[in-house]
Amino acid sequence: QVTLVESGGGLMQPGGSLRLSCKASGNIYKIYTMGWYSQAPGKERELVAVITSISTIQYEDSVKGRATISRDDAKNTVDLQMNSLKPEDTAVYYCNMDVDHTGYTDTVNYWGQGTQVTVSS
């Protein structure tokens, strides 16, 4: 079993910056894809950014040029830096990871509990 814990959310000013962090703990052999998703009120959860184990990165169009995703495999963490925040970035942000527990079994997908980000003046 693996637990993902996010941090870094809160009330942000338009035009400001935030850094979200997510740490995985538990039975971990290797983590493959790590990502951040957002879910605004009344909307479906959607991809913000993902980074693979070989550091291939994909961003959702609305955050391209404003977001940077990074990972530290030694610490089992993934961070999301977002600049030039907009009110439409307001959402609950969820961390997601594909975890290999043993090295010879299929990966298991895990979600964090979510952290609220509110962008408002």
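Predicted model only: the values in this text are computed from it and were never measured.

(A) Broad picture of the state of the cysteines. Inspection of the entire model under this criterion finds one disulfide. Between Cys22 and Cys95 runs a disulfide, and the two sulfur atoms are separated by 2.1 Å. Sign of the S-S torsion, about -85° for the bond between Cys22 and Cys95, identifies this disulfide as left-handed. Of this pair, Cys22 sits in strand S3 (residues 18-26) while Cys95 sits in strand S9 (residues 91-100); the two residues are 73 residues apart in sequence, bridging distant segments of the chain. This pair shows no difference in class: Cys22 is buried, exactly as Cys95 is.

(B) Summary view of the pattern of salt bridges. Counted under the stated rule, the structure contains four salt bridges. Residues Asp79 and Arg19 are paired through a salt bridge, measuring 3.2 Å at the closest nitrogen-oxygen approach. Here Asp79, found in strand S8 (residues 77-82), pairs with Arg19, found in strand S3; they are 60 residues apart in sequence, far enough to count as distant. Of the residues examined, Asp79 reaches a relative accessible area of 15% and is grouped as buried. Accessibility expressed as a relative area gives 42% for Arg19, which makes it partly exposed. For the salt bridge of Lys64 with Asp61, the shortest nitrogen-to-oxygen distance reads 3.0 Å.

(C) Layout of the side chain of Arg66. Mapped onto the elements, Arg66 comes out in the loop between strand S6 (57-59) and strand S7 (67-72). By relative accessible area, which is 10% here, Arg66 ends up buried. Apart from residues no more than four positions distant in its own chain, Arg66 is found in contact with Gln81, Met82, Asn83, Ser84, Leu85, Lys86 and Asp89.

Here is what the cut-offs are and how they apply
Residues numbered from 1 in each chain as written. Predicted model: local features only at pLDDT ≥ 70, side-chain atom pairs only at ≥ 80, totals over all residues. Heavy atoms only, no water. Disulfide = S-S within 2.5 Å. Helix = DSSP H or I, 4+ residues; strand = E, 2+ residues; numbered from the N terminus. Buried < 20%, exposed > 50% of the residue type's maximum accessible area, 1.4 Å probe, protein only. Salt bridge = Lys/Arg side-chain N within 4 Å of Asp/Glu carboxyl O. Contact = heavy atoms within 4.5 Å.

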